[in-house]
Amino acid sequence: MNTTTLPDEIRSEEELEELLTRPTDALIQAIRGVESPLVILGAGGKMGPSLAVLAARAAECAGHPLKIVAASRFTNDSARQLLEARGIRTVSVDILDRSQLKQLPDTTNVLYLVGLKFGSSTNPVPTWITNTLGPITAAQRFAGARFVALSTGNVYPFTPTDSGGSRESDRLDPVGEYACAAVARERMFEYFADKDQTPCTLVRLNYAHDLRYGVISDLAQRIIMERPIDVTMGHFNAIWQGDANDVILRCFELCSVPPSRLNLTSSETFSVRDVAGQLSELMGKSVRFVGGESECALLSNASQCVKQFGQPATPVSKLIQWIAAWTLRGGKTLGKPTGFESRDGRF
Ligand SMILES: NC(=O)c1ccc[n+]([C@@H]2O[C@H](COP(=O)([O-])OP(=O)(O)OC[C@H]3O[C@@H](n4cnc5c(N)ncnc54)[C@H](OP(=O)(O)O)[C@@H]3O)[C@@H](O)[C@H]2O)c1
């Protein structure tokens, strides 16, 4: 997508969905290499519905008959309804129960989105079991298939804010139980890649932004509610969810044994104070800061991704503009703050 085709404002969830699921020429080309069926595990969360619809639209544009199976427990029935309304087959599955995975068709392409982050500080057991047993049952059920498996930038330690962030080859030194469980999720895929020759790409994403969630949305909500913004975690990376979706679906071509690893985020490091300042100006609201910027933050280096797939088409300045307008209009949020401020890894 070219920046000149980006709207000045997004006025409704329908417009948002259309934009998030508009395929690029590169994806239309790449989707021809994904054979049916594409099984999406964990399709009922924040990213699954737009990824599934994007894959379907890209395949349609390519004239490629791609069947998509969206699997999740669908605790959120509206995700299921949306998918079915777009003609995508849904299957209700708890992937921790091996017998339920038998309902899914055999496949050579799996998009793995299952994860659990929130609640891990008060009740860590579900976080650990989801992020460890989930990859095991999935990798055993679809041994030999290509897996594009979502991971997170939380697998890295904090790095100096002027360092450009952690690279894929850097040591993993996670902070807190969720981050440790996210490393475990990667290790499970590494184990089965080797054991069963299951090619995999581990996509370390942070922070994806829709208008309804993401760090910038969290900041805009604080401003509109006249709450102070703590700048101790003073820097972050950001990427538009539509651009992240585009790369994720093109990652099947990177699947390998051992798994390839890819940081998926912005090249730039953004300052919380600067971005909140821009939001406050666009929203005509004052902003109050507390704390002082730390010298390190959770940051990833996107050079490898940019080399492979190019720069994200949507500049973060555009996200700031869209989110300011969306928030002023009282646009929907998912009520799921990112918790990006956490410096002790408690979520
Ligand atoms: N969004 C981001 O900015 C971001 C950043 C970094 C990493 N990630 C990674 O990307 C992945 C997808 O992100 P997301 O934002 O869509 O996450 P999400 O909203 O948490 O969605 C993951 C979905 O997995 C499903 N799931 C959990 N346990 C399951 C089980 N036992 N069986 C079947 N499905 C299960 C859940 O849906 P049901 O309740 O319907 O089962 C959940 O909504 C996550 O795993 C996360 O680690 C995302």
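Structure shown above.
Structure report, in brief. (Residues numbered from 1 in each chain as written. Predicted model: local features only at pLDDT ≥ 70, side-chain atom pairs only at ≥ 80, totals over all residues. Heavy atoms only, no water.)

### Let's talk about the sheet that holds strand 5 (residues 146–152)
Put simply, the rule is: The pairing criterion for strands is at least two bridges between them, as found by DSSP. In this description a helix means any DSSP run of H or I spanning at least four residues, a strand means any run of E spanning at least two, and both kinds are numbered starting from the N terminus. Each axis is a line fitted through C-alpha atoms, and for a helix only the stretch in contact is used; angles between axes span 0 to 180 degrees, taken between their N-to-C directions.
An order of 3-2-1-4-5-7-12 is seen for the seven strands of this open sheet, with the pairing classed as parallel. Where the open sheet ends on each side, the last strands, each with one partner, are strand 3 (89–92) and strand 12 (260–264). Averaged over all neighbouring strand pairs, the angle between strand axes comes to 20°, with direction disregarded. In the sheet, strand 7 (residues 200–205) pairs with strand 12 via five bridges, with the strands oriented parallel.

### With respect to the side chain of Asn-154
What counts, and what does not: Counted as a polar contact is a pair of N or O atoms within 3.5 Å, where, for protein atoms, one must be capable of donating a hydrogen and the other of accepting one, and residues adjacent in sequence contribute only when both atoms are in side chains. Whether two residues touch is decided by their heavy atoms; if any such pair falls within 4.5 Å, the residues are in contact.
Here Asn-154 is to be found in the loop between strand 5 and strand 6 (159–160). Within polar-contact distance, the side chain of Asn-154 engages the side chain of Thr-152 at 2.8 Å. Once residues lying within four places of it in the same chain are set aside, the contact partners of Asn-154 are Pro-174, Val-175, Tyr-178, Ala-179, Leu-298 and Phe-347.

### What to know about the pairing of strand 2 (residues 68–72)
The test is simple: The buried label goes to any residue with under 20% of its type's maximum accessible area, the exposed label to any with over 50%, and the partly exposed label to all in between, with areas taken from a 1.4 Å probe on protein chains only. Handedness is read with the strands pointing away from the viewer; a crossover is right-handed when the path from the first strand over the helix to the second is clockwise.
Counting buried residues in strand 2 gives five out of five residues, a clear majority hidden from the surface. Judged by which residues are buried, strand 2 turns out to be covered on both faces: Ile-68, Ala-70 and Ser-72 on one side and Val-69 and Ala-71 on the other are all buried. As defined by bridge partners, strand 1 (residues 38–41) adjoins strand 2 across four bridges and the pair is classed as parallel. By the bridge assignment for strand 2, Ile-40 is matched with Ala-70. Pairing of strand 2 with strand 3 involves four bridges; the strand directions are parallel. Pairing of Val-69 across the sheet is with Arg-89, part of strand 3. The parallel pair strand 2 and strand 3, bridged by helix 4 (residues 77–85), forms a crossover whose chirality is right-handed.

### Looking at the pattern of salt bridges
Condition: When a carboxyl oxygen of Asp or Glu lies within 4 Å of a side-chain nitrogen of Lys or Arg, that pair is called a salt bridge.
In total, this model carries 17 salt bridges according to the counting rule given. The closest approach of N and O atoms between Arg-187 and Glu-190, which form a salt bridge, is 2.9 Å. Of this pair, Arg-187 and Glu-190 both sit in helix 7 (residues 177–196), three residues apart, roughly one helical turn. Assessed through its relative accessible area of 40%, Arg-187 is described here as partly exposed. Between Arg-273 and Glu-293 there is a salt bridge, with the nearest N and O atoms lying 2.8 Å from each other. Taken together, the residues Arg-273 in helix 10 (residues 272–283) and Glu-293 in the loop between strand 14 (289–290) and strand 15 (296–297) connect sequence positions 20 residues apart. On the accessibility criterion, Arg-273 (33% relative accessible area) is partly exposed. Each of the salt bridges in this network shares a partner with another, and the network as a whole consists of Glu-13, Asp-210, Arg-212 and Lys-332.

### A short note on helix 8 (residues 215–224)
The buried count for helix 8 comes to seven of ten residues, which makes it a mostly enclosed element. Burial in helix 8 covers these residues: Val-215, Ile-216, Ser-217, Asp-218, Leu-219, Ala-220 and Ile-223. Against strand 8 (208–209), strand 9 (229–230), strand 10 (235–236), helix 10 and helix 12 (316–328) lie the buried residues of helix 8. Downstream of helix 8 by a residue or two, Glu-226 has a phi angle that is positive, lying close to 55°.

### So, the site of the ligand
Convention followed: Working definition: residue near molecule or strand if any one of its non-hydrogen atoms lies within 4 Å of it. By the convention adopted, Pro, Cys, Tyr, Trp, Phe, Met, Ile, Leu, Val and Ala count as nonpolar, Lys, Arg, Asp and Glu as charged, and the other residues, Gly among them, as polar.
Taken together, 24 residues lie around the ligand, and Met-47, Arg-73, Phe-74, Thr-75 and Arg-185 are the ones closest in. Arg-73 places a polar side-chain atom, nitrogen or oxygen, 2.8 Å from an oxygen atom of the ligand. Elements that contribute at least two residues to the shell around the ligand include exactly strand 5 and helix 7. A total of three residues in the shell around the ligand trace back to one element, the largest contributor, which is strand 5. Per-class residue counts for the shell around the ligand are eleven nonpolar, nine polar and four charged.

### Details of helix 3 (residues 48–62)
Every α-helical turn comprises 3.6 residues, leaving residues that sit three or four positions apart pointing alike. How we decide: Expected span of a helix: the number of residues minus one, times 1.5 Å.
For helix 3, which comprises 15 residues, the first-to-last C-alpha distance of 21 Å matches the rise-based estimate of 21 Å (1.5 Å per residue) to within 8%. Among the 15 residues that make up helix 3, eleven are buried, leaving the element largely enclosed by the rest of the structure. For helix 3, the complete set of buried residues consists of Gly-48, Pro-49, Ser-50, Leu-51, Ala-52, Val-53, Leu-54, Ala-55, Ala-58, Ala-59 and Ala-62.

### Re the nonpolar core
For the record, the criterion: Nonpolar cores were defined as sets of buried Ala, Val, Leu, Ile, Met, Phe, Trp, Tyr and Cys residues, with membership established by side-chain atoms within 4.5 Å.
Residues Ile-31, Leu-38, Leu-111, Ile-248 and Leu-264 are the most contacted members of the largest nonpolar core, which totals 44 residues. Of all the elements, helix 3 adds the most residues to this core, at eight residues. Beyond its immediate chain neighbours, meaning those up to four positions away, Leu-264 contacts Val-203, Arg-204, Leu-205, Asn-206, Ile-239, Ala-244, Val-247, Ile-248 and Cys-305. Listed in part, the 35 residues of the second largest apolar core include Ile-10, Ile-223, Met-233 and Val-316.

### Quick look at the packing of helix 8 against helix 10
Angle between the axes and distance between the axes are the two parameters that describe a pair of packed helices. The cut-off we apply is this: The cut-offs work like this: below 35 degrees is roughly parallel, past 145 is roughly antiparallel, 65 to 115 is roughly perpendicular, and the gaps in between are oblique. Whether a crossing is left-handed or right-handed is set by the direction in which the near helix is turned from the far one by less than a right angle, anticlockwise for left-handed and clockwise for right-handed.
The contact between helix 8 and helix 10 brings their axes to 10 Å, and the two run at 55°. The angle between helix 8 and helix 10 places the two elements in the oblique class. Taken as a pair, helix 8 and helix 10 cross one another with a handedness that is right-handed. For the pair helix 8 and helix 10, contact is made by Ile-216, Leu-219, Ala-220, Ile-223 and Ile-224 and by Val-272, Val-275, Ala-276, Leu-279, Ser-280 and Met-283, respectively.

The analysis is restricted to geometry; functional conclusions fall outside its scope.
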